[in-house]
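# Chains, contacts and geometry: an overview
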Protein chains: 4
Amino acid sequence: MVGQGAEIRRLGGSHASRTPFLQIPGPSPVPDRILRAMDMPVIDHRSSEFAELGRTVLEGSGKIFQTAGPVVIFPSSGTGAWEAAIVNTLSPGDKVLMVETGHFATLWRQLAGRFGIEVDFIAGDWRRGADPALIEARLAADTAHGIKAVMVVHNETSTGATSRIADIRAAIDRTAHPALLMVDTISSLGSVDYRHDEWKVDVSVSCSQKGFMLPPGLGFNAISEKARAASRTNKMPRSYFDWEEMLKPNAKGFFPYTPATNLLYGLREAIAMLLEEGLDNVFARHRRLAAATRAAVNQWGLENLCQEPSEFSPVLTAVMMPPGHDADQFRKAVLDNFNMSLGAGLSKVAGKVFRIGHLGECNELTLLGALTGVEMGLSVAGVPHRSGGVEAAMRLLEQRDQRNASSHLKVVST
Amino acid sequence: MVGQGAEIRRLGGSHASRTPFLQIPGPSPVPDRILRAMDMPVIDHRSSEFAELGRTVLEGSGKIFQTAGPVVIFPSSGTGAWEAAIVNTLSPGDKVLMVETGHFATLWRQLAGRFGIEVDFIAGDWRRGADPALIEARLAADTAHGIKAVMVVHNETSTGATSRIADIRAAIDRTAHPALLMVDTISSLGSVDYRHDEWKVDVSVSCSQKGFMLPPGLGFNAISEKARAASRTNKMPRSYFDWEEMLKPNAKGFFPYTPATNLLYGLREAIAMLLEEGLDNVFARHRRLAAATRAAVNQWGLENLCQEPSEFSPVLTAVMMPPGHDADQFRKAVLDNFNMSLGAGLSKVAGKVFRIGHLGECNELTLLGALTGVEMGLSVAGVPHRSGGVEAAMRLLEQRDQRNASSHLKVVST
Amino acid sequence: MVGQGAEIRRLGGSHASRTPFLQIPGPSPVPDRILRAMDMPVIDHRSSEFAELGRTVLEGSGKIFQTAGPVVIFPSSGTGAWEAAIVNTLSPGDKVLMVETGHFATLWRQLAGRFGIEVDFIAGDWRRGADPALIEARLAADTAHGIKAVMVVHNETSTGATSRIADIRAAIDRTAHPALLMVDTISSLGSVDYRHDEWKVDVSVSCSQKGFMLPPGLGFNAISEKARAASRTNKMPRSYFDWEEMLKPNAKGFFPYTPATNLLYGLREAIAMLLEEGLDNVFARHRRLAAATRAAVNQWGLENLCQEPSEFSPVLTAVMMPPGHDADQFRKAVLDNFNMSLGAGLSKVAGKVFRIGHLGECNELTLLGALTGVEMGLSVAGVPHRSGGVEAAMRLLEQRDQRNASSHLKVVST
Amino acid sequence: MVGQGAEIRRLGGSHASRTPFLQIPGPSPVPDRILRAMDMPVIDHRSSEFAELGRTVLEGSGKIFQTAGPVVIFPSSGTGAWEAAIVNTLSPGDKVLMVETGHFATLWRQLAGRFGIEVDFIAGDWRRGADPALIEARLAADTAHGIKAVMVVHNETSTGATSRIADIRAAIDRTAHPALLMVDTISSLGSVDYRHDEWKVDVSVSCSQKGFMLPPGLGFNAISEKARAASRTNKMPRSYFDWEEMLKPNAKGFFPYTPATNLLYGLREAIAMLLEEGLDNVFARHRRLAAATRAAVNQWGLENLCQEPSEFSPVLTAVMMPPGHDADQFRKAVLDNFNMSLGAGLSKVAGKVFRIGHLGECNELTLLGALTGVEMGLSVAGVPHRSGGVEAAMRLLEQRDQRNASSHLKVVST
């Protein structure tokens, strides 16, 4: 036991722990139940046993999108599901309205451009969600109805700003413009309240590796009647991502080509887990964890990239570095010293922000463990900050049993 | 113990055994090593740990395609990889030459049609591979070089006929025609000898759930220099399946969008397993198992759908039902009584053939167990046949230690 | 394809298949459902969540033993459960009656000897079960009631003879002798009909790796009131295997020391699987598979070690080698050529018999695959035999849908 | 987003997170690598493949005990390994010297009593390790050498005090007393520096579910030549735990009865992981985590049960509750609100202490996550404390890159 102190001081590296913390905003950690459900023999995708699986996941996915309409599932990334939304509804030369909420909105725009879509891209500063008023103005001005679709990212994974889709829907409705509403719910679905039917979204785009807590490999489209009607007349060559090809065999629980069977096993388990917890509880859990994260960030004296409190993301928080400090060096210090992966700043904000994911399989102690890694990392990397961030987060999270914590929380969440 | 006989006679159903036999020609059974490799936490797809994985599977895949050139891997089914081959090399209105070897060749033709490709489809009777002479004749006649590509299915999964790609290559070379050669290796790669570079194939298309012994969810393209050059000038809108978008980040082990990480874990293990066994041994094993299967079929007095001995498939055997007997009723009897899934006849041969898969994780005793299921199923379903099929297969498979078994084998393999 | 025949003839070894057949009479193959149930995080063994698990497996085990009384579960092998039966009921110097049914009966006798128990060991030829008449005679002669226990192996794993416990019970009852009846059900429980309560067994001994289809690591004792009363007065030092220490915390679902939690997860799944199939169906399945195995052995012209048809084991068949042929060389040939493990002859019959396990997770096609391995192995090893064994087994197993198969079956099962 | 604050305040329960924290002092969390290694088909325990496994784990276990002598592995709990130490070396009526370090020392004493061993039990207050001076005094007084063994618990899991075995060895040596030295390393082995050979321990007792990071189910004895000699002459009936029965087949990698094969798969992986990290690094990691835990406890103003700084346990910290506060109510609040299991106070200290495990698969962020759960739990349960405990732990753990942190550490570790 003598000399213990000396060894405690030893430099890190070889003693880096084995169990990593994965706190990127997706892929999110996969729960054991889901991994184990996937770890089973593959079955004949033309069997009645498969049909039962197929029906279960197709119907169950609808519950998560909060839609009574069809959901299609592709063996693809979320990017593939973006492409599916476009090639099934639009034609080369069509004009659409998009909003520059961040990196992923920009990528989606580029993807549209590759298919000959003309994009009216409302510029943004990456610090808030899509502005319903601006959308309303553009649509109101488009009296010729040249705009075929409004395409918005619900939760901008690169910035931590969640656009208010219900408000955007209302804005569109006020103009009585017939444009389709297409929404990227890639990092929000299953973690943030999202209502495909109630908000009259025409195409909702999502994937497996965020709120569904699955490994990557599945893309989703939830489809309105109006979108499906558009798909019958649009002119865009397609095959793999064609909805009708999917929907025909889907009616009986089958797929037009070999599906990613084992990911579907996992999806069945994931849907069951979300419904067991209850979607409202899942959403509340994410809001609570996000509020705690912001409490820590505020205490550290760092700035949230998202500037609009009503649009703070429940699934990730993008944190701005103080001037003169590089976010990627900080992330490296955290990874090297504490074996935790944080999300990088992307594109315009590369090196300027780091992102803390708190989505999917995340709970109080996991999040707080992650926040200790951030706080210690700020010290280790020499980034100026106030201590006490983790403490602030704890204070918020321990409030659950207190009846009159509203004033405290009001401060935090506004 | 008294009355034991009575219970043995009880009808099947509830006592159907739990461990199924999956003898469809893909998805093939996934070995435990691969399932377990996939059953691990997902990692950050932008980390150096991921880059190491990415490089390993991209390089390793090349060894299986027997190419020194690039291989791209999509989160998709094999159908997606077909689409990738087309959208990266051809333009709407282009003309290609395809051969009707069976159901999957026909599907590929339809897919091409959806992208505005004009297909010269050499008719076939689904009982042999693609005829090099016919391809040669068409190309020789195309002096204007209007044909942009020859597209062939290496192993036609619907019929059990394996086209002779080396001979087709030679036929093309004799005409000095500049058409690209694109080959579907979906059910052959990793089980049947296939040489992308030596045979100067331009695009080889494959997927994860056959010879790679993985669950479905990955599509592959191996790409020649010539194909890549074509991709730089062709006119086909694309994004998800775009090669250049893949190849840029692939150079460092990364992917342009979130890859199917856990399937890549499995792919790393699968490649290791194939190389441990040795590709030549893997190919020989499949040929041996196929020969045993045919020995059984011959003995039963049933007919192999494939009529050309030099094109018998090493990975599956499609068996014709005697007139008046329905293949699907037979398959149902096998499934209900013996818990084994056999492949159905597809499209033109629906109800007329059943298919025995013997690919991927298949060995002597597994195959023979499957053949006992077929032989007993023939009895149970009342399909006229000679007994002794399993015995014939055993006789062939036990020959391994005998030096002068050539005459016996010659009979079988010709 | 040219030269295919040549490669088929290649000698085995490197192309030995990866998926082994495990046809020893235990450990039996573990179903995926059970392995996956065990592949979960360990939990606090003092938590209410654990108590729920504990109660479930303790009660469920009783259903498999067909007892309403207590069952205790040790982290141990079956050998440990043997020891538990002895140390809880007997005292040094006590006399017991045992029957030499084979190797395991002999081992149990040795174990008793190590604890100072005097064993009256009824000699046997290892070719039949325990003779009720002999037991009756010994007890009748023991008018002083010096014999404290009759200890019998239900299914002698070394010989494939199943003693008739109901008849033994009746024999004991006829003598009105107060001896305890202790039965080793190690390889029978969960596969062969066994009725702890109905047969008034006092201690039933079992383990995890046979009919429970689990990995090794759990030992079981089902305990009658009479046995428990004996445990309160016997004189044998014990701690780890002490029943009372177990039974106290067991009442609430807990254990006196850290239990093998993950094996208990598997046990919960195993019990569920057995009850889903239905114990009667499970027993009938084993009888059917055993009958098929014997049909093959008969056809090969080999001799079953067990000579008494009413005692043929449903879970394994021990086959005698023809004179001059070594069973272990044969087993090695089977393992080297076909990657199948068969059971060795033990002790007195070492080298003279091999054993085919057909217990636990075994079904028609798995068994027939195994029998093809035996039949080919006989050829490869040059053991004289008639071919047609697999065929005979198939003929029996395909009878399930035939109404008047009784005569055929009568021949087989007698 | 409106009303978010309201929902954050919702009471816990249904939204309790799914991923539990297991911070009891064993069983410790099982790493994925180990669980997956165990999740594989069982093999024939008489095969050469098994022998390879057996030799690997037997030799590897020796490296962890730091012995060149034999280690035996039982399918048992640690309690079974205690029993093995006794029944192999002592005889009924023998006298031994034990030290009351806490609950587990007391249990071991009771176990010895059940085997007729007379125990001289040096009383203790459960707040420190075994005192070498007292042991020396007793042995010195025992000039007749009636004491056959000194039995000590290395790390007392119930109190968090680690006895100084090297000093105890020196004390024994000074008396030249021939007693055997037997040490319980159940919760220390593989986490705390332990040297069987160097410290001339005769029997070291351990198990699988602590430093080995395995599920429970294996017990270990490392055995000196002197202990083995004692086992040849002692008089204690035994069979299951008999060393010689083990050592004979162990020499070739086999076991005398069916071993817990899948746990041995896990053991092979565990040993590999420990040696990959390096034992010195593993030991240093545990000391560092323990120091951080104590820093938190000090800051909270709570008292460490262990009062001797040189004996603070690297693997767990037992914390005393303030008077009037029940530890189990506190633990329940932590479990209900934060889904973390803490260790209970046992026996004499039931309700008075809770125990924080930080052993095996534990690292900085996991530990800090656990400490946030303790700190919030203290608030939720209304236990008086100073905040800032997690902060103190972070300050210590972030010191790794600072050269002159000695003064800080000195304060913490004393």
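Residues numbered from 1 in each chain as written. Chains lettered and ligands numbered in written order. Predicted model: local features only at pLDDT ≥ 70, side-chain atom pairs only at ≥ 80, totals over all residues.

## A word on the overall build of chain A
- Looking only at helices and strands, one finds 15 helices and 14 strands in chain A.
- What you see for chain A is a C-alpha radius of gyration of 22 Å, in line with the 22 Å of a compact globule of 414 residues.
- Overall size of chain A, expressed as C-alpha extent along the three principal axes, is 80 × 55 × 45 Å.
- Partitioning the intrachain contacts of chain A with sequence separation of at least 6 by distance along the chain shows that 74% fall at a separation of at least 24. (Helix = DSSP H or I, 4+ residues; strand = E, 2+ residues; numbered from the N terminus. Rg over C-alpha atoms; globule rule 2.2 N^0.38 Å. Contact = placed C-beta atoms within 7 Å.)

## Side note on helix 12 (residues 327-338) of chain D
- Under the 1.5 Å per step criterion, the end-to-end length of helix 12 of chain D is 16 Å for twelve residues, consistent within 8% with the ideal 16 Å.
- If you check which residues of helix 12 of chain D are buried, you get D:A327, D:F330, D:R331, D:A333, D:V334, D:L335, D:N337 and D:F338.
- The secondary structure elements touched by the buried residues of helix 12 of chain D are helix 13 (364-380) of chain A together with strand 13 (340-344), strand 14 (353-357) and helix 13 (364-380) of chain D.
- Just downstream of helix 12 of chain D lies D:N339, where phi reads positive at about 55 degrees. (Expected span 1.5 Å × (residues − 1). Buried ≥ 20, exposed ≤ 12 C-beta atoms within 10 Å, placed from the backbone.)

## Side note on the UniProt feature "domain: Aminotransferase class V" (unreviewed entry) in chain A
- UniProt's entry tags residues 47-328 of chain A with the feature "domain: Aminotransferase class V" (unreviewed entry), counted in the numbering of this structure.
- Secondary structure across residues 47-328 of chain A divides into 43% helix and 17% strand, with the first and last C-alpha atoms of the span separated by 49 Å. (UniProt positions renumbered as here; feature names shortened; annotations may be inferred.)

## Brief notes about the sheet that holds strand 12 (residues 316-320) of chain C
All names here are of chain C.
- The strand order 1-13-14-12-11 describes an open sheet built from five strands, whose pairing is mixed. The sheet is open, and its two edges are formed by strand 1 (21-23) and strand 11 (303-304), each paired on a single side.
- Across two bridges, strand 13 (residues 340-344) lies against strand 14 (residues 353-357) in antiparallel orientation. Each bridged residue has a counterpart across the sheet, and for A344 the counterpart in strand 14 is F354.
- Sitting on the sheet, helix 12 (residues 327-338) touches strand 13 and strand 14, and the angle it makes with strand 13 is about 165 degrees. (Pairing = 2+ DSSP bridges. Axes fitted to C-alpha atoms, helices over the stretch in contact; angles between N-to-C directions.)

## Looking at the domain arrangement of chain A
All names here are of chain A.
- By domain assignment, chain A separates into domain 1 (32-275) and domain 2 (278-413).
- Just the C-alpha atoms count here: the centres of domain 1 and domain 2 sit 28 Å apart.
- Counting residues at the interface gives 24 residues for domain 1, matched by 23 residues for domain 2.
- Mapped onto the side of domain 1 that touches domain 2, the elements with two or more residues apiece are helix 5 (103-114) and strand 7 (161-162). (Domains from an automatic or database assignment.)

## Some points on the sheet that holds strand 12 (residues 316-320) of chain A
- Here five strands make up an open sheet; going across it, the order is 1-13-14-12-11 (chain A) and the pairing mixed. Each edge of the sheet is formed by a strand with only one pairing partner; in this case those strands are strand 1 (21-23) and strand 11 (303-304) of chain A.

## Some thoughts on the packing of helix 3 (residues 48-65) of chain C against helix 10 (residues 261-277) of chain C
All names here are of chain C.
- Relative to each other, helix 3 and helix 10 sit at 40 degrees, their axes nearing to 9 Å. Classed by the angle they form, the pair helix 3 and helix 10 counts as oblique. In this structure, helix 3 meets helix 10 at a crossing whose hand is left-handed. Touching L53, T56, V57, G60, S61, K63 and I64 of helix 3 are L264, L267, R268, I271, L274 and L275, all from helix 10.
- For the contact of helix 3 with helix 10, the residue count by class is eight nonpolar, three polar and two charged. (Parallel < 35°, antiparallel > 145°, perpendicular 65-115°, else oblique. Left-handed = near helix turned anticlockwise from the far one by under 90°. Nonpolar A, V, L, I, M, F, W, Y, C, P; charged D, E, K, R; others polar.)

## Points about the confidence of the model for chain A
All names here are of chain A.
- Looking at chain A, the pLDDT average stands at 92 and 92% of residues meet or exceed 70.
- Throughout residues 401-414 the model reports pLDDT below 50, and contacts reaching past four residues in sequence, or to other chains, amount to 20 contacts.
- Both scores are available for the predicted complex, with the pTM at 0.93 and the ipTM at 0.92. (pLDDT = per-residue confidence, 0-100.)

## Side note on the pairing of strand 2 (residues 71-75) of chain C
All names here are of chain C.
- The buried count for strand 2 comes to five of five residues, which makes it a mostly enclosed element.
- In strand 2, alternate side chains face the same way, and those of V71, I73 and P75 on one face and V72 and F74 on the other are all buried.
- Across five bridges, strand 2 lies against strand 10 (residues 218-223) in antiparallel orientation. Within the sheet, the bridge partner assigned to F74 lies in strand 10 and is G219.

## A few points about unusual backbone geometry
- Omega for the peptide link from B:G26 to B:P27 comes to -5 degrees, which places this bond in the cis form.
- With respect to the helices and strands, B:P27 occurs in the loop between strand 1 (21-23) and helix 2 (32-38).
- For C:K200, which is not glycine, the phi torsion reads 45 degrees and is therefore positive.
- Counting through the fold element by element, C:K200 comes out in the loop between strand 8 (180-184) and strand 9 (203-207).

## Quick word on the packing of helix 11 (residues 279-300) of chain C against helix 14 (residues 389-397) of chain C
Residues and elements named next belong to chain C.
- Running from N to C, helix 11 and helix 14 cross one another at 145 degrees; their axes reach a closest spacing of 7 Å. Taken as a pair, helix 11 and helix 14 cross one another with a handedness that is right-handed. Taken together, the residues of helix 14 that come into contact with helix 11 (itself represented by R288, A291, A292, T293, A295, A296, V297, N298, Q299 and W300) are G389, V390, A392, A393, L396 and L397.
- Tallied by class, the residues present in the contact of helix 11 with helix 14 amount to eleven nonpolar, four polar and one charged.

## A closer look at the environment of D:S379
- Inspection of the secondary structure puts D:S379 in helix 13.
- Accessibility expressed as a C-beta count within 10 Å gives 19 for D:S379, which makes it partly exposed.

## Structural notes on the pairing of strand 9 (residues 203-207) of chain D
Residues and elements named next belong to chain D.
- Taken across its five residues, strand 9 has five buried, putting it largely inside the fold.
- Looking at chain direction, strand 8 (residues 180-184) and strand 9 are connected through three bridges and run parallel. Opposite M182, over in strand 9, you have V203 as the bridge partner.
- When strand 9 meets strand 10 (residues 218-223), the two strands line up antiparallel, connected through five bridges. Bridged to V205 within strand 10 is N221.

## Describing helix 6 (residues 132-141) of chain B
Residue and element names in this part refer to chain B.
- Listing the buried residues of helix 6 in full gives P132, I135 and L139. The buried residues of helix 6 occupy one face: seen down the axis, they fall within an arc of 65 degrees. Set apart from the buried face of helix 6 by more than 90 degrees, the exposed residues are A133 and A141. (Arc of directions from axis to C-beta.)

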